[in-house]
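Chain residues, written in single-letter form:
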Amino acid sequence: MDTKFIGKKSAAAGGWGALKSCGKQLLQSGMPISGARTMLKANQPDGFDCPGCAWGDPEHGSSFEFCENGVKAVAWEATEKRATPAFFAEKTVSQLRQLTDYELELNGRLTHPMRYDAASDRYLPVAWKDAFAEIGSILTGLDNPNRAEFYTSGRASNEAAFLYQLFVRVYGTNNFPDCSNMCHEASGIAMRQAVGVGKGTVLLEDFEEADAIFVIGQNPGTNHPRMLGDLRRAAIRGARVVVFNPIRERGLERFSDPQDKIEMLKGGSTDIASLYLQPQLGGDMAAVRGMAKAVLAAENAAVSAGLPSVLDHAFLAEHCAGFAEYRAAVEATSWADIEDQSGLSRQEIERAADVYIDAERVICTWAMGVTQHLHSVATIREIANFMFLRGNIGRPGAGLCPVRGHSNVQGDRTVGINEKPSDDLLDALEKHFRFTVPREHGHNVLAAIGAMLDGSAEAFIGLGGNFARATPDSALVEKALRRLKLTVHIATKPNHSHLMPGETAFILPCLGRTEMDLNTAGNSQLMSVEDSMSMVHGSAGINRPASPHLLSEVAIIAGIAQATVGSAVVGWAELADDHDRIRDHIEATIPGFENYNARLRKPRGFHLRNTAAHREWDTPAGKASFSCEALPDETVHQRARKGEGRFALQTFRSHDQYNTTIYGLDDRYRGVYGERQVIFIHPADLKAMNAEAGDRVDVVGEHDDGIERIAENFRFVPHDIPRGSIAGYYPELNVLVPLGSAGRESDTPTSKSIMVSFRRRQAA
């Protein structure tokens, strides 16, 4: 059996492996020296915000505020390779469709606006003014603005996102399918219900004061490596780090900081997790409920023994609503149900609860391992419940911390990208710009796909991202895009979404985050982003654009807007030429942006005030609100074990990937090299199937909607994962995620709760 693709795992995250990987990426870009110089300006006050993750920057910044993923993102953008019109002339779209995501994007930066020619099945160059005119003509020709879908990726700046939502609302719709619909939607909904604001309540500096940090359903080593530095520093000073993650991830076990010279010279590393628990997929809510049950039991014991209280009764009395009902719900939940659903023992859960009880200040942080389940909103409400018990909201060193993915996904929402806008936002836009705003709620991602499939949507514009590969049910989404009258993709590199053209289709190349955006006076334009800690930073590119034919996202949006709705309401060209004017409009319509332009130019930017962090609760009860929802009747792993040969699948990233962008084919933290079509599985499950490492299988979706979903030709990799649960990479496995399976209240695809089985394949 061929298992050469399975190799040695890194002993620790970071370290020499990270430095070697950085060097490899810079060499592959073809610009190693200039790329290295560029990195010195990443996340610096006089530089650009890293186009990678949304992890925060410290107030007391170091000389180097980048990580391996940041180097990969910058090298990917700053490559010398170019996807010119000659590249599109060499192959038809049908031929390009046969390339992998990695092979396609390796062709480099887009250089010219392109229009699809159906007769030749090729993209041909087009002038910007002609592209804008035709896009505007098609949009204005639709019989209803709600027939167009306007997607947003989290890479867009605050200025681009604000201008985009303004254009779309002047056009007449709230159809804003957004990348956040597929990741942290549940976090925003649950936290607004619990504490009145849908953002994390902590600052980066709180990690310096926490006594314990609970990391749930999150893999910082691959997804936001700079977080490992903060976890490492916390562990060194004695803070306890408790991890709940089905898979043992190297970055949560040990980290070697490349910026620590002594650690690097000695080849050492720092232990991160003081307690690492591996719940079953979907078992996090039960695990947190179990910790709450243990805390309440400790409170009862303390009261009986005349010892100090375990609970923060002052916080509960002054700031919380619904505690009595929640306490009753916890006491009614049996340990047998908790153990069965979580996949953890009572003793393991009680050990985690002891860490919580012993800590004065606790941070709880989570990501998509929590948010991509049917019951994600309920799980995050349970996390908030747990944190309320000892008053761990609204004081230094404590709080809730959902860690966002793309660099400005949080900022996009802040400045108005929302299919269900608040009346306050719409009223402010209507008053300031003096036009009648659309009030009907629009489409999120799943609703947009449904509208494309049933024919009620006829146009799609994507502001960044790779919609066809990021979304679930890949085959259906590709079909949906190709049946539209118009598809428009604003992008820096070719990707598979561009190869699903509508009747009329455009690829519009934009500047990258690292590139200078010069206005007509030759001045460099400043843009801004918001990180996971609600810090708003300025960002200005320093590199020469990859092509003289590139426009900024703002300029492209302005061009489409001018051609579609004219300038009676908004002077689009003036805003595109002066981002300060866009920020003036943001200041006038979005709370928290007072004196925006001046504050943005201060080193490290400014913080958007978080009411919950100040114990001000914008909830119906006027207080932090407990939820007393029961545990789910059944989770995906409980359903899977009822049928022979069924497994619970989660999708995740490899270490050589960010979202749908594939930087390489290695995953050294999990010991996989040169291969992406793999399934991580417990060795005992392999043995029970009479299978071995490297065996080839087709992965078959088991959703009950009559649609056959198959991911072909995957190979087994033994891994430390609970029995009955398996894992593999997206976007390759997105074909198995059903459109009809979405989180309750959040409508987020359940990419961590997929029921599958296997079909054996013959060896090649």
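Residues numbered from 1 in each chain as written. Predicted model: local features only at pLDDT ≥ 70, side-chain atom pairs only at ≥ 80, totals over all residues. Heavy atoms only, no water.

Engineer: Just to check I follow, could you spell out the sheet that holds strand 17 (residues 504–509) for this structure?
Structural biologist: Either a parallel or an antiparallel arrangement is found when strands of a sheet pair, and the pairing is made through backbone hydrogen bonds. Taken together, the six strands give an open sheet; going across it, the order is 5-4-17-16-15-6, and neighbouring strands pair in mixed fashion. Either end of the sheet is taken by a strand with one partner, and the two such strands are strand 5 (122–125) and strand 6 (148–152). For this sheet the average axis-to-axis angle between neighbouring strands, irrespective of direction, equals 20 degrees. Summarising the sheet, strand 4 (residues 114–117) and strand 17 pair through two bridges and their orientation is antiparallel. Looking across to strand 17, one finds that methionine 114 is bridged to isoleucine 507. (Pairing = 2+ DSSP bridges. Helix = DSSP H or I, 4+ residues; strand = E, 2+ residues; numbered from the N terminus. Axes fitted to C-alpha atoms, helices over the stretch in contact; angles between N-to-C directions.)

Engineer: Could you clarify how one ought to interpret the packing of helix 8 (residues 158–171) against helix 28 (residues 579–589) in this entry?
Structural biologist: The relative placement of two packed helices is expressed as an angle between their axes plus a distance between the axes. Taken N-terminus to C-terminus, the directions of helix 8 and helix 28 make an angle of 65 degrees; their axes are 10 Å apart at the nearest point. Relative to helix 28, the element helix 8 lies roughly perpendicular. In this structure, helix 8 crosses over helix 28, and the sense of that crossing is left-handed. Along its contact with helix 8, which presents Asn158, Glu159, Phe162 and Leu163, the element helix 28 presents His579, Ile582, Arg583, His585, Ile586 and Thr589. (Parallel < 35°, antiparallel > 145°, perpendicular 65-115°, else oblique. Left-handed = near helix turned anticlockwise from the far one by under 90°. Contact = heavy atoms within 4.5 Å.)

Engineer: I would appreciate a short explanation of the state of the cysteines in the present structure.
Structural biologist: Covalently bonding the sulfur atom of one cysteine to the sulfur atom of another cysteine gives a disulfide. Enumeration over the complete set of coordinates arrives at zero disulfides. There is no disulfide at cysteine 364, and the cysteine sulfur nearest it, in cysteine 401, is 9.1 Å away. (Disulfide = S-S within 2.5 Å.)

Engineer: Can you walk me through the layout of surface pockets in this structure?
Structural biologist: Space left empty within the atom packing is revealed by a probe, the size of a water molecule, rolled over the atoms. In this model, the largest pocket occupies a volume close to 1,400 Å³. Around the largest pocket sit 43 residues that line it, and Arg192, Gly198, Lys199, Arg413 and Thr414 are the ones nearest its centre. Contributing elements (two or more residues each) for the lining of the largest pocket: helix 9 (185–195), helix 21 (409–414) and helix 22 (423–433). For the lining of the largest pocket, the per-class residue count stands at 13 nonpolar, 18 polar and 12 charged. (1 Å grid on protein atoms, 1.4 Å probe; cavity = no way out; pocket = protein on both sides within 12 Å on 5 of 7 lines; lining within 4 Å. Points joined across faces, edges and corners; volume = space filled by probe spheres on them. Nonpolar A, V, L, I, M, F, W, Y, C, P; charged D, E, K, R; others polar.)

Engineer: Please clarify how the packing of aromatic side chains should be interpreted in this entry.
Structural biologist: One pass over the structure, following the stated rule, counts 29 aromatic pairs. Ring centres of phenylalanine 150 and phenylalanine 167 lie 5.9 Å apart, and the angle between their planes is 85 degrees; this geometry places the pair in the edge-to-face category. Of this pair, phenylalanine 150 sits in strand 6 while phenylalanine 167 sits in helix 8; the two residues are 17 residues apart in sequence, bridging distant segments of the chain. The exposure classification of phenylalanine 150 matches that of phenylalanine 167, with both residues buried. Ring centres of phenylalanine 388 and phenylalanine 626 lie 5.2 Å apart, and the angle between their planes is 75 degrees; this geometry places the pair in the edge-to-face category. Of this pair, phenylalanine 388 sits in helix 20 (residues 376–388) while phenylalanine 626 is found in the loop between strand 21 (624–625) and helix 30 (636–640), placing the two residues 238 residues apart along the sequence. Since its relative accessible area comes to 0%, phenylalanine 388 is described here as buried. What links up through ring pairs into an aromatic cluster is the set Phe315, Phe323, Tyr326, Phe388, Trp617 and Phe626. The ring of phenylalanine 606 has arginine 599 lying over it, and the distance from NZ or CZ to the ring centre is 4.0 Å. Across the ring face of phenylalanine 652, the terminal group of arginine 670 is positioned such that the distance to the ring centre comes to 3.8 Å. (Phe/Tyr/Trp six-rings, centres within 6.5 Å; stacked < 30°, edge-to-face > 60°. Buried < 20%, exposed > 50% of the residue type's maximum accessible area, 1.4 Å probe, protein only. Lys NZ or Arg CZ within 6 Å of the ring centre and 35° of its normal.)

Engineer: Looking at this structure, I do not really get empty space enclosed by the protein. What am I missing?
Structural biologist: Evaluated as defined, the whole model comprises six cavities of 30 Å³ or more. As a volume, the second largest cavity reaches approximately 270 Å³. In this structure, the second largest cavity is lined by 23 residues; those nearest its centre are Gly217, Gly369, Gln650, Phe652 and Lys752. Put simply, the parts of the chain that give the lining of the second largest cavity at least two residues each are helix 19 (368–371) and strand 22 (647–652). If one sorts the elements of the lining of the second largest cavity by residue count, strand 22 sits on top with three residues.

Engineer: Just checking my understanding: could you explain helix 20 for this structure?
Structural biologist: Each α-helix winds once per 3.6 residues, and so residues spaced three or four apart point in a common direction. End to end, helix 20 covers 18 Å across 13 residues, agreeing with the expected 18 Å (1.5 Å per residue, within 8%). Counting buried residues along helix 20, 13 of its 13 residues qualify, which places the element largely inside the surrounding structure. (Expected span 1.5 Å × (residues − 1).)

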